[in-house]
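Spelled out from the first residue to the last, the chains are:
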Amino acid sequence: MVTRGDLGETSPLKLVEQADAVRRAPELPGRGALEPERSDVLRRYQILGVGLAASDVLSLVVALVLSYLALFGLEPLRPSYYVVLVAAPLLWVAVFHTFGLYSPHHLSASEEFRRTLGSASVGIIIIVVGSYWWATELPRQWVGLTWVFALVLELVVRRAWRWYGYRLKADGRLALRTLVVGTNEEAARLGDALGGRGLGFTPIGYVATSQRLGGLDGLAALGPIHELGELIRRHAVDCVFVASTAVAPEDMLQVVQTTRQTGVEARVSANLPQLLTSRLTVQPVGHVMALSLKPVRLSGTQTVIKRAFDLSVASIGLACIAPLWLLIAILIRATSRGPVLFRQERVTKGGRVFTVYKFRTMVVNAAEVLEQHDIDPSAPFFKLDDDPRLTSVGRFLRKLSLDELPQLLNVLRGDMSLVGPRPLPADQVAANLELLESRHEVPAGVTGWWQINGRSAVDFEEAVRLDLFYIENWSLSLDLYILLKTVGCVVAGKGAQ
């Protein structure tokens, strides 16, 4: 039985009740009393993978039909095209399987997006090559249309599957029964983290190791590590999660051997900041296994591609929303005195100060209003829940983030990128230079990782951490993922002020 002592009574583990329930359950031959429960979880993951494969096939078939209709109208399908409709989905699923897209419990949302983008592109290329073997003539426009239709359908359908998977995890139907190996502070933090809602784990207890560094008062374990195999069988464990600072090399060897023999999954905490798996590779160095981190600084080619992407999207965006600009300008002038655009000095890459453009959302005497309320605006990521400076139109513009639209001009000028850490006012940066300086390794952005993970709802420490995650994990696919997620966050109004 595990007790948490000083860790608090609200711990999500609830290990005392779970351990007692296990001991009271009748024993079954072989694996133990809770074998059916474990099998249900694994079987649900298998069913989820089959469902993903079926939806991938359906998405591609629909994309193939739509692209044919777009090019040839209601003309009856050519006989050779039936071969494409049959053979292409088989290749499609094979490519997606190669990219590991049927193991959703091993993929974050951003990693699934990146792999879906890559696998859809590779899949279309393979289908085009295969079409020559099938003696099917496909025009060039067909390639682009099929790729666009298939990618959009895949992203929408997989988003729905991810939401469904989250619901199953949250109610415990996709939660892996997990042992935490270690009894130190990291193990306690790991146990608390695994108990989070919707993460897909049900922590059931701790395993004591030969390393007892940093042990906590009152923290006990279900058993020692040399009994790990028996603990796995007795408690019907699906996953063993190792606190890396709590194990010696011989402990880790014990874990690897036991999990292999019992067929359960083993995971190890890396003690790294949050990183995308695309940056990580595992390499042997002598008798040691090392995690290698790929550098993320933009190469010359990547810089050109990112800038070209920014210019293209910003130019198209400005052309498409010109009527909206006019409407917003009329509303601002009609409801409050002052200019339509708000200008402010903010900081971008390398600490360079530039003038940012926004639609004015505040009264012209905003500084005086702050003084009257005795508010210090130099705090990092300064925001007010109920800002007295906002006009009625300004409050609406802030809610939908429409006040940010003029920053497309900053993108065209090269002051900002479409995606990056949000630029902060120069006085905030100057007052908190040590905290905020690291954010300026990349150009400031119109939107960013922070904006799609809470927007104004996060505190300044979390906002800095999220910005550093983006800096540590930059990629073009991550930029595209953030842009698409931003649309959803704006429509839903999540965290906006």
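Right above here is the structure, for reference.
Residues numbered from 1 in each chain as written. Predicted model: local features only at pLDDT ≥ 70, side-chain atom pairs only at ≥ 80, totals over all residues. Heavy atoms only, no water.

Participant: Whenever I open this one, the overall build of the chain confuses me. Can you help?
Facilitator: Secondary structure summary: the chain contains 17 helices and 11 strands in total. A total of 497 residues make up the chain; the buried ones form 44% of that total. Within the chain, residue pairs in contact and separated by at least 24 positions form 73% of the contacts whose partners lie at least 6 positions apart. (Helix = DSSP H or I, 4+ residues; strand = E, 2+ residues; numbered from the N terminus. Buried < 20%, exposed > 50% of the residue type's maximum accessible area, 1.4 Å probe, protein only. Contact = heavy atoms within 4.5 Å.)

Participant: What's the story with the nonpolar core in this structure? I'm lost.
Facilitator: One recurring pattern in soluble globular proteins: nonpolar side chains tend to sit buried together. Ranked by internal contacts, the top residues of the largest apolar core, which has 36 residues, are Phe359, Trp449, Tyr470 and Ile482. Where this core is concerned, the elements lending two or more residues are α9 (300–320), α10 (322–335), β9 (353–359), α12 (392–399), α13 (407–413), β10 (417–419), α16 (460–472) and α17 (476–492). With sequence-adjacent residues up to four places away left out, Trp449 is seen in contact with Ser110, Leu466, Phe469, Tyr470, Leu478, Tyr481 and Ile482. Residues Ala53, Leu60, Trp92 and Leu101 belong to the second largest nonpolar core, which totals 23 residues. (Core = buried A, V, L, I, M, F, W, Y, C linked by side-chain atoms within 4.5 Å.)

Participant: Explain the environment of Val363 here, please?
Facilitator: Here Val363 is to be found in the loop between β9 and α11 (366–372). Note on Val363: relative accessible area 29%, which makes it partly exposed. Between the alpha carbons of Val363 and Arg389 there is a distance of 5.7 Å; along the sequence they are 26 residues apart.

Participant: What am I meant to see in the sheet that holds strand β1 (residues 176–181) here?
Facilitator: Pairing is parallel in the open sheet, where 5 strands are placed in the order β3-β2-β1-β4-β5. Strands at the two margins of the open sheet, each flanked by one partner only, are β3 (223–224) and β5 (265–268). Pairing geometry for strand β2 (residues 201–208) and β3, over 2 bridges, is parallel. Residue Val207 lies in a different strand from β3, and its bridge partner there is Gly223. (Pairing = 2+ DSSP bridges.)

Participant: Sorry, what's going on with the environment of Leu60 here?
Facilitator: Looking at where Leu60 falls in the secondary structure, it is placed in helix α2 (residues 35–72). Separated by 89 residues in the primary sequence, Leu60 and Phe149 place their C-alpha atoms 8.2 Å from one another. In this structure Leu60 touches Ala88, Pro89, Trp92, Ile127 and Ala150, once residues within four positions along its chain are discounted.

Participant: Help me understand α16 in this model?
Facilitator: An α-helical segment advances 3.6 residues per turn. Residues three or four places apart therefore align on the same side. The end-to-end C-alpha separation of α16 is 18 Å, in line with the 18 Å expected for 13 residues at 1.5 Å each. Those residues of α16 lying buried are Ala463, Val464, Leu466, Asp467, Phe469, Tyr470 and Ile471. (Expected span 1.5 Å × (residues − 1).)

Participant: What is the right way to read the pattern of salt bridges from this model?
Facilitator: It is possible for side chains of opposite charge to pair when their charged atoms get near one another. Counted by the stated rule, this structure contains 19 salt bridges. Between Asp403 and Arg398 there is a salt bridge; the shortest N-O distance is 3.5 Å. Using a relative accessible area of 1% as the deciding quantity, one classes Asp403 as buried. The buried category is assigned to Arg398, whose relative accessible area is 11%. Linking Glu404 and Arg422 is a salt bridge whose minimum nitrogen-to-oxygen distance equals 2.9 Å. A residue pair is termed long-range when its members are at least 10 positions apart, and Glu404 in the loop between α12 and α13 and Arg422 in the loop between β10 and α14 (426–431) qualify at 18 residues. (Salt bridge = Lys/Arg side-chain N within 4 Å of Asp/Glu carboxyl O.)

Participant: Sorry, what's going on with the pairing of strand β8 (residues 341–347) here?
Facilitator: Two faces make up the sheet, and in a regular strand the side chains alternate between them. Bridge count between β8 and β9: 7 bridges; the pairing is antiparallel. The residue bridging Gln344 from the neighbouring strand is Val356, located in β9. The hairpin formed by β8 and β9 contains 5 residues between the paired strands, and Gly350 there has a positive phi angle of roughly 75 degrees.

Participant: Please clarify how the side chain of Lys306 should be interpreted in this entry.
Facilitator: Turning to its location among the elements, Lys306 is positioned in helix α9. Looking at Lys306, its side chain comes within polar contact range of the side chain of Asp479, at 2.5 Å. (Polar contact = N/O pair within 3.5 Å; in protein donor to acceptor, adjacent residues only side chain to side chain.)

Participant: Which parts of the structure should I look at to understand the packing of helix α3 (residues 79–98) against helix α5 (residues 140–170)?
Facilitator: Following both chains from N to C, one finds α3 and α5 inclined at 50 degrees, their axes separated by 14 Å at the closest point. Regarding the angle of α3 to α5, the classification is oblique. Read as a crossing pair, α3 and α5 show a hand that is right-handed. The residues of α5 that touch α3, namely those facing Tyr81, Trp92 and Phe96, are Trp142, Ala150, Glu154 and Arg158. The residue inventory of the contact of α3 with α5, partitioned by class, reads 5 nonpolar, no polar and 2 charged. (Axes fitted to C-alpha atoms, helices over the stretch in contact; angles between N-to-C directions. Parallel < 35°, antiparallel > 145°, perpendicular 65-115°, else oblique. Left-handed = near helix turned anticlockwise from the far one by under 90°. Nonpolar A, V, L, I, M, F, W, Y, C, P; charged D, E, K, R; others polar.)

Participant: Any chance you could explain the side chain of Glu404 here in plain terms?
Facilitator: Accessibility expressed as a relative area gives 17% for Glu404, which makes it buried. Polar contacts involving the side chain of Glu404 include one to the side chain of Arg422, which spans 2.9 Å.

Participant: Hey, could you run me through the packing of aromatic side chains in this one?
Facilitator: The description of two aromatic rings rests on the distance between their centres and on the angle between their planes. Under the criterion given, the structure shown has 9 aromatic pairs. An angle of 45 degrees between the planes, with centres 4.7 Å apart, marks the rings of Tyr68 and Tyr81 as tilted. You can see Tyr68 sitting in helix α2 and its partner Tyr81 sitting in helix α3, a full 13 residues away along the chain. When sorted by exposure, Tyr68 lands in the same class as Tyr81, which is buried. Here the aromatic rings of Phe113 and Tyr481 are separated by 5.3 Å at their centres, their planes lie at 55 degrees, and the arrangement is tilted. Of this pair, Phe113 sits in helix α4 (residues 109–133) while Tyr481 sits in helix α17, placing them 368 residues apart in sequence. Using a relative accessible area of 7% as the deciding quantity, one classes Phe113 as buried. You can call Tyr481 buried: its relative accessible area is 10%. (Phe/Tyr/Trp six-rings, centres within 6.5 Å; stacked < 30°, edge-to-face > 60°.)

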